Amino acid sequence: MNSFLKEIAALTELPFDTAFSAYRYVNIGGAALYVQGHKGVISYGTDKIALRIKNGRLEVAGHDLAVKQLSADEIVMTGRIVSLTAEESFPAKSSEKKDGKTAGDAGAGKNAEKRV
């Protein structure tokens, strides 16, 4: 399996660690969501659940959301899942620092929203 994942990383031209170590999720027909690799729950409600992920956050929006299972790095939630939004901020390299601030300090990041 590991060689398959390395082949996928090579095809997408992403480093293996970037492509597969942060977090993973499986959306089951918009009715259940499994997330592996989260770093904690930021907020929780019946219409939105926000999770801390490596270098950012993952927001799940929907209706009647409920956490069915929670562990240190895995979560299973159910409800009507409408969208997933990942906001990832990557720290700037030391050469990108200006006036003691980095690009990350200004809220630089990458947002990706996926409608279900």
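Here the structure is a predicted model, which is why all the values come from computation and not from measurement.

**Quick look at the overall build of the chain**
Each helix and strand in the chain was counted, giving 2 helices and 7 strands. Ordered by position in the sequence, the α and β elements of the chain form the string α-α-β-β-β-β-β-β-β. Excluding contacts between residues fewer than 6 apart, the proportion of contacts in the chain whose partners are at least 24 apart in sequence is 45%. If you sum the accessible surface of the chain, you get close to 7800 Å²; carbon and sulfur atoms cover 52% of it.

**Observations regarding the nonpolar core**
One finds Leu33, Leu51, Leu58, Val60 and Met77 to be the most contacted residues of the largest nonpolar core, which totals 15 residues. Of all elements in the fold, only strand 2 (32-36), strand 4 (48-53), strand 5 (56-70) and strand 6 (74-88) reach the threshold of two or more residues within this core. Ranked by the residues each element gives to this core, the list is headed by strand 6, at 5 residues. Apart from residues no more than four positions distant in its own chain, Leu58 is found in contact with Tyr23, Val35, Ile49, Ala50, Leu51, Ile53, Thr85 and Ala86.

**Topic: the side chain of His38**
Among the secondary structure elements, His38 is positioned in the loop between strand 2 and strand 3 (40-44). Overall, His38 belongs to the buried group, its relative accessible area being 2%. At a separation of 3.4 Å, a polar atom in the side chain of His38 contacts the main-chain carbonyl oxygen of Ser71. Not counting residues up to four positions away in its chain, the partners in contact with His38 are Leu51, Arg52, Leu70, Ser71, Ala72, Asp73, Glu74 and Ile75.

**Brief notes about the pairing of strand 3**
Bridge count for strand 3 against strand 4 is 4 bridges, and the pairing is antiparallel. By the bridge assignment, Val41 is partnered in strand 4 with Leu51. Linkage of strand 3 to strand 4, two consecutive antiparallel strands, is achieved through a turn of 3 residues.

**A few points about the pattern of salt bridges**
Counted by the stated rule, this structure contains 2 salt bridges. As a salt-bridge pair, Lys48 and Glu59 come within 3.9 Å of each other at their nearest N and O atoms. Placement of Lys48 in strand 4 and of Glu59 in strand 5 is noted, with a sequence separation of 11 residues between them. With a relative accessible area of 22%, Glu59 lands in the partly exposed category. A salt bridge links Glu59 to Arg57; the shortest N-O distance between them is 2.9 Å.

**Focus on a nonpolar patch on the surface**
On the surface, a nonpolar cluster with roughly 300 Å² of combined accessible area is contributed by Val41, Tyr44 and Leu70. By secondary structure assignment, the location of Leu70 is in strand 5.

**Focus on unusual backbone geometry**
Positive phi outside glycine occurs at Asn55, with the angle close to 65°. Checked against the element boundaries, Asn55 lands in the loop between strand 4 and strand 5. Even without a glycine there, the phi angle at Asp64 is positive, about 55°. By the secondary structure assignment, Asp64 is in strand 5.

Basis of the calculations
Residues numbered from 1 in each chain as written. Predicted model: local features only at pLDDT ≥ 70, side-chain atom pairs only at ≥ 80, totals over all residues. Heavy atoms only, no water. Helix = DSSP H or I, 4+ residues; strand = E, 2+ residues; numbered from the N terminus. Contact = heavy atoms within 4.5 Å. Areas by Shrake-Rupley, 256 points an atom, 1.4 Å probe, with all protein chains shown as cover. Core = buried A, V, L, I, M, F, W, Y, C linked by side-chain atoms within 4.5 Å. Buried < 20%, exposed > 50% of the residue type's maximum accessible area, 1.4 Å probe, protein only. Polar contact = N/O pair within 3.5 Å; in protein donor to acceptor, adjacent residues only side chain to side chain. Pairing = 2+ DSSP bridges. Salt bridge = Lys/Arg side-chain N within 4 Å of Asp/Glu carboxyl O. Patch = residues over 30% accessible without salt bridge, like charges linked within 9 Å, V, L, I, M, F, W, Y side chains within 5 Å.

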